[in-house]
Amino acid sequence: MTVLGAAARNTVRTIAIGTATLLAGLGITPATAQKIEGLAPTPPMGWNSWNHYGCNIDENLIRETADALVASGLRDAGYVNVNLDDCWHGERDAAGNIRPDPERFPSGMKALGDYLHARGLKFGIYSDAGTNTCAGRPGSQGYEFQDARRYAEWGVDYVKYDWCATGEDEEQRNPREAYRTMSRAIAASGRPMVLSVCEWGDNEPWLWAGQYGHLWRTTGDITNCWDCTVGHGSWSSSGILPILDQQDELRPHGGPDGWNDPDMMEVGNLPTLAENRSHFAMWAMLAAPLIIGTDVPGMTPEITAVLANPGLIAINQDRLGRGAMKWIATPQWEAWAKPLADGEWAIALLNRSGETQRVEIDWASVELKDDTFGHRAEFAQQAYAMTDAWSGAAAGDTRRKLARELAPRDTAVFRLRPL
Ligand code: GLA
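### As for the environment of Leu419
Here is step 1 of the chain: Within the secondary structure, Leu419 is located in the segment after β22 (411-418).
Here is step 2 of the chain: The sequence separation of Leu419 and Asp397 amounts to 22 residues, and the corresponding C-alpha distance is 8.6 Å.
Here is step 3 of the chain: Other than its neighbours up to four places away in sequence, Leu419 contacts Gln382, Ala383, Tyr384, Ala385, Asp397 and Arg399.

### Some remarks on the packing of aromatic side chains
Here is step 1 of the chain: Taken as a whole and assessed by the stated rule, the structure comprises 10 aromatic pairs.
Here is step 2 of the chain: Relative to Trp154, the ring of Trp88 has its centre 5.6 Å away and its plane inclined at 85°; by these criteria the two rings are edge-to-face. Of this pair, Trp88 sits in the loop between β2 (81-83) and β3 (89-92) while Trp154 sits in helix α6 (residues 144-154), and the two are 66 residues apart along the sequence.
Here is step 3 of the chain: Note on Phe379 and Tyr384: the rings are 5.4 Å apart at their centroids and 65° apart in plane angle, and the pair reads as edge-to-face.
Here is step 4 of the chain: Judged by its relative accessible area of 4%, Tyr384 is buried.
Here is step 5 of the chain: Joined through ring pairs, the aromatic side chains of Tyr161, Trp163, Tyr179, Trp208 and Tyr212 make up one cluster.
Here is step 6 of the chain: Here the basic side chain of Arg322 rests over the ring of Phe373, its NZ or CZ set 3.9 Å away from the ring centre.

### A look at a negative patch on the surface
Here is step 1 of the chain: A cluster of acidic side chains, namely Glu168, Asp169, Glu170 and Glu171, defines a negative patch on the protein surface.
Here is step 2 of the chain: Along the polypeptide, Glu170 turns up in the loop between β6 (158-162) and α7 (175-189).
Here is step 3 of the chain: Overall, the relative accessible area of 73% leaves Glu170 in the exposed class.

### What about the site of the ligand?
Here is step 1 of the chain: In the vicinity of the ligand, 13 residues are found, and the nearest of them are Asp85, Asp86, Lys160, Asp162 and Asp221.
Here is step 2 of the chain: Between the ligand and Asp85 there is a distance of 2.6 Å, counted from an oxygen atom to a side-chain nitrogen or oxygen.
Here is step 3 of the chain: In this structure, an oxygen atom belonging to the ligand sits 3.0 Å away from a side-chain N or O atom of Trp200.
Here is step 4 of the chain: Out of a free accessible area of 310 Å², the ligand has 94% covered by protein chains.

Quick notes on the rules
- Residues numbered from 1 in each chain as written.
- Predicted model: local features only at pLDDT ≥ 70, side-chain atom pairs only at ≥ 80, totals over all residues.
- Heavy atoms only, no water.
- Helix = DSSP H or I, 4+ residues; strand = E, 2+ residues; numbered from the N terminus.
- Contact = heavy atoms within 4.5 Å.
- Phe/Tyr/Trp six-rings, centres within 6.5 Å; stacked < 30°, edge-to-face > 60°.
- Buried < 20%, exposed > 50% of the residue type's maximum accessible area, 1.4 Å probe, protein only.
- Lys NZ or Arg CZ within 6 Å of the ring centre and 35° of its normal.
- Patch = residues over 30% accessible without salt bridge, like charges linked within 9 Å, V, L, I, M, F, W, Y side chains within 5 Å.
- Areas by Shrake-Rupley, 256 points an atom, 1.4 Å probe, with all protein chains shown as cover.
- Salt bridge = Lys/Arg side-chain N within 4 Å of Asp/Glu carboxyl O.
- Lys, Arg positive; Asp, Glu negative; His and termini not counted.
- Charge placed at Lys NZ, Arg CZ, Asp CG, Glu CD.
- Near = heavy atom within 4 Å.
- Polar contact = N/O pair within 3.5 Å; in protein donor to acceptor, adjacent residues only side chain to side chain.

So yeah, pure geometry; function would need other evidence.
Encoded structure:
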């Protein structure tokens, strides 16, 4: 038996009280340790390596991206999370501790985290609930607490947790158990980390993942096309419209601290400026996490301007935290409406088609009702001043008909404020 001296006992007690106080302050107790609440009151914003770089990442790229986020003003626009996706991993050591790839991350992860934090950024990392990641690196199954402790030592703030190699059919790992375990492991590490649930919408995560994580993927992987689905054998990836078309019915489930995640953005990777604008506008309207997935150091000024647009970001980050509903749908164009705080609304007019569309809205003759959340605009009784969200320019009010020409695949967005 080890007999502790009074001083040592006090130190142990102080540490114990310190941890308990810290956890209590975060809204959790060790016995029930689960999701750390309040980490994502508005949709998370940042950058992730996967969409543009895949496995081809190293510490220089991450540092250059961080520097470019700062220099371009994107950090100050809100994009603070710098998230490494798959392939940062090396082998576990003899004690089972996960280590970074020594060639790609020779300075180690703590140094990388310090680099990001020194620039006012946050550090995100990726792992997987199975035996290996989707790219075949070590997964966290059976190592959850050990990995979360390691992430905490490195200063990690955000964990994306994927679903490859979790077994097949009846042998498959229970998704709730898997994400609950990682959530508890993060809480037990004592460091607040956002948990991004990434099981591709396979198990209706919108019904349960909010207990464990702060956002959950609603679909399979995104790819950089407007309206295509690309098969990869056992799975497929989808472009902007097919993903968008799956979001409307999930709207009741997303909100502050638990966001529907239609996947990281392909803004900057789509062929035309209009497509990039529309993709960004619709993700902003959906209250989706805004995670940039392009080459930030090589970004064109037009794309930086899209991603940094203050009017669109304000709509996305609105504190009410409601996603947009599909309001008017035609085969060529759609109007989506997002209720905002203080009785305001955002309206997006999306041209799905490859031709210019003329859209007219006679406010007095339309009804805007959000039955899910109980919001309502009665334009005949209450007029709204309109601002063009892209330009910030005044755009009249709802006492007059709105008429707009939408360029092919472009999106106009208006912010409506009660007069
Ligand atoms: C899955 C995820 C992607 C990405 C890759 C990495 O496909 O859905 O977002 O993380 O794995 O291998």
